[in-house]
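Overview (structure and organization)
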Amino acid sequence: MKNKQSLALLIAGLLMTACSTSPAASSTPTPEITPEPTASAEPTVVDYRNIDVQQLAKEGMKLTSATVYGVYNQEGDSVDSSIQTTVYVNDETKEVVFIDFVEALLPISAGGADGWAILDDEKAGALGDEAVITAGEKRYPAAFELNGLTWTAAASADSVVYTTEIEGEDIEFMSYIATQEGRAWYHESLAKPAQLLDSEGKPAAEIQIGTKASIEHGVGFWPSPITFPGNIELIKNYVYDHGVNYGTYPETSDIAKNDAGEWAVADVTTGATLAGAPNYFNLIKQAYELIESGQGTPFTAE
């Protein structure tokens, strides 16, 4: 009997100790803590749309096109190509259904893609020392003939400047292709190679002028998986999906980079990160406005 009483007292003492050391229950439930998301943003996926404008016309779509010209880059750096932009618009819906860029490389480049006039050993040897100008570590032809015009080089710092005479006035190559007339002439010239002239003014070698597409510019060395062609496709896709209801750059703020380094147009993120993206948007807008003002050309399938 005494043992049972001792056991009861021991159990009661343990229960009292447990009650005195346990925290009081809270009347307010503890909120759950939601962890911050750690997943990174999804990479931009480029939708390459195989649009056949010839087929659209054959299927009965009434189309009007317009062509304009510009250079890359309007900010003044990396000027490496002349851009021919042709826009095709559905006459019924007024939507842009196809955009074609032809980016002709320049004889002298300020960055980006190399100029086509840089000579290799074979062509320099064919011209002879007297017909070659060295600027920096590069060699250029002292003169070349292209589409009826002869351009003569003069050394300028680490590069050269080509000039010719048009209507009695000397004009630099880059100044000439800054005009719509000069750019149209240049793109017409792509069909035939440039003739490199020797010291007697006779053709001694030739160079076929390339485009960014022909040399696969920005495919193998681009700093992101988008690549240069992918950036161009994202620019086109924005216009296909959203139209040209935006103001030009830099006159308006409709075209601007966001904090992620992507170009947004009219508050829609395009995914394009190309520094010269505004050039392309401006040219598309310019061509579209020509069509809207009645200055386009009806397009028929070949």
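Structure shown above.
Since the model is a prediction, treat every value here as computed from it, not as a measurement.

Turning to the sheet that holds strand β6 (residues 143–146), a few remarks are in order. The sheet built from six strands is open, its strands ordered β9-β8-β7-β6-β10-β11 with antiparallel pairing. Strands with a single pairing partner mark the edges of an open sheet, and in this sheet they are β9 (169–172) and β11 (203–207). Taking each pair of neighbouring strands and ignoring which way they run, the sheet shows an average axis angle of 35 degrees. Looking at chain direction, strand β10 (residues 194–197) and β11 are connected through four bridges and run antiparallel. Considered in β11, the bridge of Leu197 is made with Pro203.

Turning our attention to the nonpolar core. Across soluble globular proteins, nonpolar side chains have a tendency to be buried as a group. Membership of the largest hydrophobic core comes to 41 residues, with the highest contact counts inside it found for Val96, Val239, Tyr246, Tyr280, Phe281 and Ile284. Within the residue set of this core, elements represented by two or more residues are α2 (53–58), β1 (63–72), β2 (81–90), β3 (96–105), α6 (227–242), β13 (263–265) and α7 (277–292). In terms of residues, this core owes the most to one element, α7, which gives eight residues. Leave out the neighbours within four places in its chain, and Phe281 touches Ile235, Tyr238, Val239, Tyr246, Ile255, Val265 and Thr270. Of all hydrophobic cores here, the second largest spans 36 residues; its members include Ala104, Leu106, Tyr162 and Ile166.

Moving on: the pattern of salt bridges. The tally for this structure, following the rule as stated, stands at five salt bridges. The residue Arg49 makes a salt bridge to Asp47 at a minimum N-O spacing of 3.0 Å. On the accessibility criterion, Asp47 (40% relative accessible area) is partly exposed. The structure contains a network of salt bridges with shared partners spanning Asp47, Arg49 and Asp241.

Here is what the cut-offs are and how they apply
- Residues numbered from 1 in each chain as written.
- Predicted model: local features only at pLDDT ≥ 70, side-chain atom pairs only at ≥ 80, totals over all residues.
- Heavy atoms only, no water.
- Pairing = 2+ DSSP bridges.
- Helix = DSSP H or I, 4+ residues; strand = E, 2+ residues; numbered from the N terminus.
- Axes fitted to C-alpha atoms, helices over the stretch in contact; angles between N-to-C directions.
- Core = buried A, V, L, I, M, F, W, Y, C linked by side-chain atoms within 4.5 Å.
- Buried < 20%, exposed > 50% of the residue type's maximum accessible area, 1.4 Å probe, protein only.
- Contact = heavy atoms within 4.5 Å.
- Salt bridge = Lys/Arg side-chain N within 4 Å of Asp/Glu carboxyl O.

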